[in-house]
Amino acid sequence: MKGVATDGKICKGRKRHASVQRLRDDGLYCCRTCGVDKSRTLEFFGSDPRVQDKLRAMCRVCAVKASVRSHMNGRYGTTPEAVAATLSQQGHCCALCGVPLDSSTKVRKPHVDHDHVTGRMRAVLCHHCNVFLGHAASDAALLRKAADYLDQHCAEPVCRRA
């Protein structure tokens, strides 16, 4: 039967919206996106109240990837691959302060900096620099005034974070 996984790993001949055909006798289900057979449970497939068995046709891993891709495209007009390429060009460091970026921590997690007028990505920043520019409303004149203020009122150079 077309769409039924026979090799135990990859579902050959997948058909969109053919969930009955993707469910095998042993309870494994072929994800419509990645084609990998997984147990048809909430552990591997998110809920969808619109379908008979109340589970999505896309596995959780693929659903997260699709959500990230949709967010990146809708908000910044870019893709996760383009962000990764930009981050690589920046040497995996914040484009503003230069600290190494690491996806496993919140503070050093890469954040997409974007122009609030056009919505397009400018660079990849650390959390602190992204918030800093956000509070300054990306106003270069305001940032210059802030730098002048610090130059006038700071007796000693501030220890920069590494």
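Residues numbered from 1 in each chain as written. Predicted model: local features only at pLDDT ≥ 70, side-chain atom pairs only at ≥ 80, totals over all residues. Heavy atoms only, no water.

*Asks:* Break down the overall build of the protein chain for me, citing the residues and quoting the values.
*Replies:* The number of helices and strands found in the protein chain is five helices and six strands. Element order for the protein chain, N to C, with α for helix and β for strand: α-β-β-β-β-α-α-β-β-α-α. Within the protein chain, buried positions represent 26% of all 162 residues. Counting only contacts in the protein chain whose residues sit at least 6 apart along the sequence, the fraction spanning at least 24 positions is 31%. (Helix = DSSP H or I, 4+ residues; strand = E, 2+ residues; numbered from the N terminus. Buried < 20%, exposed > 50% of the residue type's maximum accessible area, 1.4 Å probe, protein only. Contact = heavy atoms within 4.5 Å.)

*Asks:* Before we move on, can you summarise the packing of aromatic side chains with the specific residues and values?
*Replies:* Applying the stated criterion across every chain, the model contains one aromatic pair. Ring geometry for Tyr-29 against Phe-45: centres 5.1 Å apart, planes inclined by 90°, an arrangement best described as edge-to-face. In this pair, Tyr-29 is assigned in strand E1 (residues 28-30) and Phe-45 in strand E3 (residues 45-47), connecting sequence segments 16 residues apart. Given the relative accessible area of 1%, Tyr-29 is considered buried. Residue placement shows Arg-40 over the ring face of Phe-45; its charged tip is 5.0 Å from the ring centre. (Phe/Tyr/Trp six-rings, centres within 6.5 Å; stacked < 30°, edge-to-face > 60°. Lys NZ or Arg CZ within 6 Å of the ring centre and 35° of its normal.)

*Asks:* Report on the environment of Gly-98, specifying residues and quantitative values.
*Replies:* Within the secondary structure, Gly-98 is located in the loop between helix H3 (80-89) and strand E5 (111-114). Overall, the relative accessible area of 37% leaves Gly-98 in the partly exposed class. Sequence separation between Gly-98 and Cys-129 is 31 residues; the distance between their C-alpha atoms is 10.0 Å.

*Asks:* Describe the pairing of strand E6 (residues 121-125), with residues and values.
*Replies:* Here E5 runs beside E6; their pairing, made up of four bridges, is antiparallel. Bridged to Asp-113 within E6 is Ala-123. Here E5 folds back onto E6 in antiparallel fashion, the turn holding six residues, of which Gly-119 has a positive phi close to 80°. (Pairing = 2+ DSSP bridges.)

*Asks:* Give a detailed account of the packing of helix H2 (residues 60-76) against H3, specifying residues and quantitative values.
*Replies:* Between H2 and H3, the shortest axis-to-axis distance is 9 Å and the interhelical angle comes to 75°. Between H2 and H3, the angle is such that the two are roughly perpendicular. Taken together, the residues of H3 that come into contact with H2 (itself represented by Val-68, Arg-69 and Met-72) are Pro-80, Glu-81 and Val-83. Considering only residue class, the contact of H2 with H3 consists of four nonpolar, no polar and two charged. (Axes fitted to C-alpha atoms, helices over the stretch in contact; angles between N-to-C directions. Parallel < 35°, antiparallel > 145°, perpendicular 65-115°, else oblique. Nonpolar A, V, L, I, M, F, W, Y, C, P; charged D, E, K, R; others polar.)

*Asks:* Got a sec to walk through the side chain of Lys-38? Specific residues and values, please.
*Replies:* Summarising the element assignment, Lys-38 is placed in strand E2 (residues 37-39). Among buried Asp, Glu, Lys and Arg side chains, Lys-38 stands out as unpaired, with Asp-37 the closest opposite charge at 9.8 Å. With sequence-adjacent residues up to four places away left out, Lys-38 is seen in contact with Gly-27, Leu-28, Tyr-29, Phe-44, Phe-45, Cys-59 and Val-61. (Lys, Arg positive; Asp, Glu negative; His and termini not counted. Salt bridge = Lys/Arg side-chain N within 4 Å of Asp/Glu carboxyl O.)

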